[in-house]
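In case you want the letters, here they are:
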Amino acid sequence: MSPSAAAITATGVRHCFGQTRVLDGIDLEVGEGTIFALLGPNGAGKTTMVRILSTLISADAGHVAVLGHDVATEAEAVRAVIGVTGQFSALDDLLTGQENLRLMADLQHLPRSERPARVAELLERFELADAATRPASTYSGGMRRRLDLAMTLVGSPRVIFLDEPTTGLDPRSRRTMWHTIRRLVSEGVTILLTTQYLDEADQLADRIAVLDNGRIVAQGTPTELKRRIPGGRIQLRFADPDQLATAAELLQAMSRDENDLTLQVAADGSVATLRDLLGRLDDAGLDVEQLEIHTPDLDDVFFAVTAHPSSPDAGAQQASAR
């Protein structure tokens, strides 16, 4: 990726809280108009990295730039082009949805003549117009997250940091948020998100970095990361214990579940491998009640590259500032 195409660059970023090194030489490059997902166990340093990128705290070492602006020396210029949505909503529950957006428009110093139209546009865009005059305290979790993101967009940021944007949302609300994120990127916005949901990263991200104990332990597109991990398998379910036992011996099963009458067999997911397996079962007169093919996914990647638990991130205090 050429420097001109990079919305975010980070080189050799280090940060400590007391004697604890939270980030230890982080290198990242995020292309303009793309979604970059930062994954990692609790305490890996994800939120700390977002706080550095968004100028909320300073790195102890390394260089960070957003749209060509140095985060350390041009913090105001960085803040003018970014938006931040933290893990927890920063709404004023005593204000209505409309009033929360008006307050943000005031804080962003939008021209007074533009504020009503911008507020109305965002309420409509995030499907909050009908609830505009209700106190934010009455909003559902999904509505609160949509209003939170709408407030982030008041100043039309070109780069948005989303720190676990769908935590606590029901499946329908998560899908709605995914649609909103994709639409923003289609309009040219760059998004860096942290998430605990691996399916979310798989669905949304153009590129992924896995952070563990303050270091990047894997990085690439979702497809590239999954290709690095062995572990494809086929799960078979049988009608009775005798057939299960015979099949387990015949196929040299990886694992066997006597209660569910299932066994798992190592496989690369190819048609040839599946055809051979079914042929051997047919020759032995064994009937399969159910068959599932599993190829390596981001769960496999995550557990393969983060092989141990991490301690709580001392730097993960929540920042509500935008």
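Below: a short report on this structure.

Criteria and cut-off values
- Residues numbered from 1 in each chain as written.
- Predicted model: local features only at pLDDT ≥ 70, side-chain atom pairs only at ≥ 80, totals over all residues.
- Heavy atoms only, no water.
- Core = buried A, V, L, I, M, F, W, Y, C linked by side-chain atoms within 4.5 Å.
- Buried < 20%, exposed > 50% of the residue type's maximum accessible area, 1.4 Å probe, protein only.
- Contact = heavy atoms within 4.5 Å.
- Pairing = 2+ DSSP bridges.
- Helix = DSSP H or I, 4+ residues; strand = E, 2+ residues; numbered from the N terminus.
- Axes fitted to C-alpha atoms, helices over the stretch in contact; angles between N-to-C directions.
- Phe/Tyr/Trp six-rings, centres within 6.5 Å; stacked < 30°, edge-to-face > 60°.
- Parallel < 35°, antiparallel > 145°, perpendicular 65-115°, else oblique.
- Left-handed = near helix turned anticlockwise from the far one by under 90°.
- Nonpolar A, V, L, I, M, F, W, Y, C, P; charged D, E, K, R; others polar.
- Salt bridge = Lys/Arg side-chain N within 4 Å of Asp/Glu carboxyl O.
- Polar contact = N/O pair within 3.5 Å; in protein donor to acceptor, adjacent residues only side chain to side chain.

### Description of the nonpolar core
Here's step 1: The biggest cluster of nonpolar side chains holds 46 residues, and the ones touching the most others in it are Leu101, Leu147, Ile191 and Ile208.
Here's step 2: Each residue touching Ile191, except ones within four places of it in the same chain, is listed here: Thr34, Ile35, Phe36, Ile160, Leu162, Ile181, Leu184 and Val185.
Here's step 3: Formed by 30 residues, the second largest nonpolar core is a distinct cluster that contains Leu28, Leu38, Met49 and Val66.

### Here's the deal with the sheet that holds strand 14 (residues 290–294)
Here's step 1: With antiparallel pairing, the 4 strands of this open sheet are ordered in space as 12-13-11-14. Only two strands of the sheet have a single partner each, and these edge strands are strand 12 (255–257) and strand 14. Shown here is a sheet whose adjacent strand axes are inclined to one another by a mean of 15°, direction ignored.
Here's step 2: In this sheet, strand 13 (residues 262–266) lies alongside strand 11 (residues 233–237) in antiparallel orientation, the contact comprising 5 bridges.

### Looking at unusual backbone geometry
Most peptide bonds are trans, and most residues other than glycine sit at a negative phi.
Here's step 1: Unusually for a residue other than glycine, His109 sits at a positive phi of about 60°.
Here's step 2: Tracing the sequence through the fold places His109 in the loop between helix 3 (97–107) and helix 4 (115–125).

### Some words on the packing of aromatic side chains
Here's step 1: Within the structure shown, the criterion is met by 1 aromatic pair.
Here's step 2: Their ring planes at 90° and their centres at 5.8 Å tell us that Phe302 and Phe303 sit as a pair that is edge-to-face.
Here's step 3: On the accessibility criterion, Phe302 (14% relative accessible area) is buried.
Here's step 4: On the basis of relative accessibility, which here comes to 58%, the residue Phe303 falls in the exposed class.

### Quick notes on the environment of Pro171
Here's step 1: By the secondary structure assignment, Pro171 is in helix 6 (residues 171–186).
Here's step 2: According to the relative accessible area criterion, Pro171 is exposed, its value standing at 63%.
Here's step 3: Counting along the chain gives 66 residues from Pro171 to Ala105, while the straight-line C-alpha distance between them is 31 Å.

### Description of the sheet that holds strand 4 (residues 61–66)
Here's step 1: Read from one edge of the open sheet, 4 strands run 2-1-4-5, paired in antiparallel fashion. Edge strands, defined here as strands with exactly one partner in the open sheet, are strand 2 (20–31) and strand 5 (69–70).

### Here's the deal with the packing of helix 9 (residues 241–251) against helix 10 (residues 271–283)
Here's step 1: Between helix 9 and helix 10, the least distance of the axes is 11 Å, while the angle of their chain directions is 130°. Classified by the angle between their axes, helix 9 and helix 10 sit oblique to one another. Helix-helix and strand crossings are classified by hand; for helix 9 and helix 10 the assignment is right-handed. Between helix 9 and helix 10, the contacting residues are Ala247, Leu250 and Leu251 on the first element and Leu277, Arg280 and Leu281 on the second.
Here's step 2: Along the lines of polarity and charge, the residues of the contact of helix 9 with helix 10 split into 5 nonpolar, no polar and 1 charged.

### Quick look at the environment of Ser137
Here's step 1: Within the secondary structure layout, Ser137 lies in the loop between helix 4 and helix 5 (141–152).
Here's step 2: With near-sequence residues (within four places) excluded, Ser137 lies in contact with Asp93 and Arg144.

### Some details on the pattern of salt bridges
Here's step 1: In this structure the tally under the stated criterion is 15 salt bridges.
Here's step 2: Between Arg21 and Asp24 there is a salt bridge; the shortest N-O distance is 3.1 Å.
Here's step 3: Given a relative accessible area of 47%, Arg21 falls into the partly exposed group.
Here's step 4: Here Arg118 makes a salt bridge to Glu121, at a shortest N to O gap of 3.1 Å. Placement of both Arg118 and Glu121 in helix 4 is noted, with a separation of 3 residues, approximately one turn of the helix.
Here's step 5: We classify Arg118 as buried; its relative accessible area is 15%.

### With respect to the side chain of Glu200
Here's step 1: With respect to the helices and strands, the residue Glu200 is situated in helix 7 (residues 198–204).
Here's step 2: Residue class for Glu200 comes out buried when judged on its relative accessible area of 0%.
Here's step 3: Looking at Glu200, its side chain comes within polar contact range of the side chain of Trp178, at 2.8 Å.
Here's step 4: Leaving out residues up to four positions away in the same chain, Glu200 has contacts with Pro165, Thr166, Arg174, Trp178, Leu193, Thr195 and Ala205.

By themselves, these are just geometric observations and shouldn't be taken as functional.
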